[in-house]
Amino acid sequence: MAAQTILIAEDDPDIRDGVRILLAGEGYHILEAENGTRALEIFNPEVDLVILDIMMPRLDGLSVLRTLRENKNDVAVLLLTAKDSIEDRVKGLDAGADDYLIKPFAFEELSARLRVLLRTPQQKQNELRVADLCLSLDTRQVTRGGRAITLSSKEYTLLCYMMRNAGIVLTRERLEQHVWNYDFTGASNVIDVYIRHLRKKIDDGFDIKLIHTIRGHGYVLREPS
């Protein structure tokens, strides 16, 4: 199988070099751009994923993203953002970004995020599966072991996000931001409450548990190793 191609658009040469070395070492073919204009110049149909820094000279990452989506290109896009740029994150996801990562970040987390976004076409179709748990993006139906599960709108959104990021530990803050569109100011334990609801519906009655608590970090949905 040919190596998957990742385009890195980042104006900081140290970050760009570090990401290139990491991903090349994992077997990816790498293209590099120091600004958004160059990123669009070298983008081609062979690119499987684009890593876009939002703040870049000449053409910023959000403009590159909008251009790709306006041209009906559904390539996977991961945004790199500053910690305090919540507004940019919202704009990025609204413009069609698949995920974002806050600077500074651990290369291990970047690698894990990319593995999720670069799953095989069968996994990226309109159906998410983890073990015998199945979620249809078309019908919003959820089943486990063939048994239908009824979820509220927020429960469905939370489960969908956790399944898209299966195997990745998600903090409460990150889950709140995605499920409540970044402006949630409710009780700090709201995610814990919804996780309990999901566990009752997803895991109760099954020997294999899929939703796990990682103390001091957050939650993860995964099959036991």
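Everything here concerns the structure above.
Being a predicted model, the structure only gives us computed values, none of them experimental.

1. Looking at the packing of helix 1 (residues 13-25) against helix 5 (residues 107-117)
At a closest axis distance of 11 Å, the pairing of helix 1 and helix 5 adopts a crossing angle of 60 degrees. In terms of orientation, helix 1 and helix 5 fall into the oblique class. In the packing of helix 1 onto helix 5, the handedness of the crossing is right-handed. The residues of helix 5 that touch helix 1, namely those facing G18, V19, L22 and L23, are F107, L110 and L114.

2. Some words on the pattern of salt bridges
Tallying each qualifying case throughout the model produces 15 salt bridges. Among the ionic pairs, D53 bridges to K103, the shortest N-O distance being 3.0 Å. In this pair, D53 is assigned in strand 3 (residues 47-53) and K103 in the loop between strand 5 (99-102) and helix 5, connecting sequence segments 50 residues apart. In this structure, E109 engages R113 in a salt bridge whose closest nitrogen and oxygen atoms are separated by 2.5 Å. Separated by four residues within a single helix, E109 and R113 lie in helix 5, roughly one turn from each other. Looking at R113, the relative accessible area reads 2%, which means it is buried. Among the ionic contacts, a cluster of salt bridges with common partners joins R16, D17, R20 and E32.

3. A short note on the layout of surface pockets
If you add up the space inside the second largest pocket, you get close to 460 Å³. The wall of the second largest pocket is formed by 19 residues, among which E109, R113, V169, T171 and R174 lie closest to the centre. Secondary-structure elements contributing two or more residues to the lining of the second largest pocket are strand 5, helix 5 and helix 8 (172-179). Per element, the largest residue contribution to the lining of the second largest pocket is four residues, and it comes from helix 5. Along the lines of polarity and charge, the residues of the lining of the second largest pocket split into eight nonpolar, four polar and seven charged.

Cut-offs and rules
Residues numbered from 1 in each chain as written. Predicted model: local features only at pLDDT ≥ 70, side-chain atom pairs only at ≥ 80, totals over all residues. Heavy atoms only, no water. Axes fitted to C-alpha atoms, helices over the stretch in contact; angles between N-to-C directions. Helix = DSSP H or I, 4+ residues; strand = E, 2+ residues; numbered from the N terminus. Parallel < 35°, antiparallel > 145°, perpendicular 65-115°, else oblique. Left-handed = near helix turned anticlockwise from the far one by under 90°. Contact = heavy atoms within 4.5 Å. Salt bridge = Lys/Arg side-chain N within 4 Å of Asp/Glu carboxyl O. Buried < 20%, exposed > 50% of the residue type's maximum accessible area, 1.4 Å probe, protein only. 1 Å grid on protein atoms, 1.4 Å probe; cavity = no way out; pocket = protein on both sides within 12 Å on 5 of 7 lines; lining within 4 Å. Points joined across faces, edges and corners; volume = space filled by probe spheres on them. Nonpolar A, V, L, I, M, F, W, Y, C, P; charged D, E, K, R; others polar.

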